[in-house]
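Notes for the structure review
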Amino acid sequence: MLGWLQSPASIRRIGPDFAAACAKIHAQSFAHPWAPTEFESLLAGRDVVGEAAIVTSFFGERRLTGFVLSRRGADTAEMLTIAVTPALRRKGVGAALLARHLATLAAEGANSLFLEVETDNRAALALYRRFGFLEIGERKAYYRKADGIAASALVLRRDFD
Ligand SMILES: CC(C)(COP(=O)(O)OP(=O)(O)OC[C@H]1O[C@@H](n2cnc3c(N)ncnc32)[C@H](O)[C@@H]1OP(=O)(O)O)[C@@H](O)C(=O)NCCC(=O)NCCS
């Protein structure tokens, strides 16, 4: 395990071949997991930008430690999901992913990125605020939690200069 942690993560564009790895981290991160087939079709879409942090072990095996997916429109983009392997959180993976992702989307013509985040997701909100996202709205009872209780979402936007 130490070997995985010690190898530096590289961030790269991913396609449908990473669907199973994304689905695994997503299932560890959210109450309502997306199936590998959902990731497969998203990552095959021409309008979806998927990027992941990948570490390589001493033996050359690659492992995903986090990923982010957004859908591009004409000149805006919407973040679909971002997640980091639970055991490797708070080590800068999410920030590195988001920094690269913002640069990628801006380079590909997006003027702004929108996303929705649960109002009590403190970790994600802190990450987004650190990257200059602004709150532009709220959707009441937008999510259904694992226990069936409804949770509201904030709508955030980050403009690219
Ligand atoms: C949100 C998430 C992607 C952050 O990934 P991460 O790799 O842990 O984030 P980082 O280590 O890069 O942290 C970057 C900054 O985000 C904020 N942050 C991250 N986790 C935090 C936490 N648990 N509490 C408070 N702030 C937090 C901090 O500002 C942090 O900077 P700092 O460590 O210098 O204080 C991760 O917690 C995750 O996968 N959560 C589950 C999935 C999820 O909720 N996704 C968002 C859906 S909208």
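Remember, it's a predicted structure, so these values are computed and weren't measured experimentally.

Conventions we followed
- Residues numbered from 1 in each chain as written.
- Predicted model: local features only at pLDDT ≥ 70, side-chain atom pairs only at ≥ 80, totals over all residues.
- Heavy atoms only, no water.
- Helix = DSSP H or I, 4+ residues; strand = E, 2+ residues; numbered from the N terminus.
- Buried < 20%, exposed > 50% of the residue type's maximum accessible area, 1.4 Å probe, protein only.
- Polar contact = N/O pair within 3.5 Å; in protein donor to acceptor, adjacent residues only side chain to side chain.
- Contact = heavy atoms within 4.5 Å.

**Digging into the side chain of H101**
Mapped onto the elements, H101 comes out in helix α4 (residues 93-107). A relative accessible area of 0% places H101 in the buried class. A distance of 2.7 Å separates a polar atom in the side chain of H101 from a polar atom in the side chain of S70. Those residues in contact with H101 that sit more than four places away from it in its chain are V49, E51, V68, L69 and S70.

**Quick notes on unusual backbone geometry**
The backbone of R90 shows a phi angle near 65°, a positive value even though the residue is not glycine. With respect to the helices and strands, R90 occurs in the loop between β4 (76-84) and α4. Assessed through its relative accessible area of 86%, R90 is described here as exposed.

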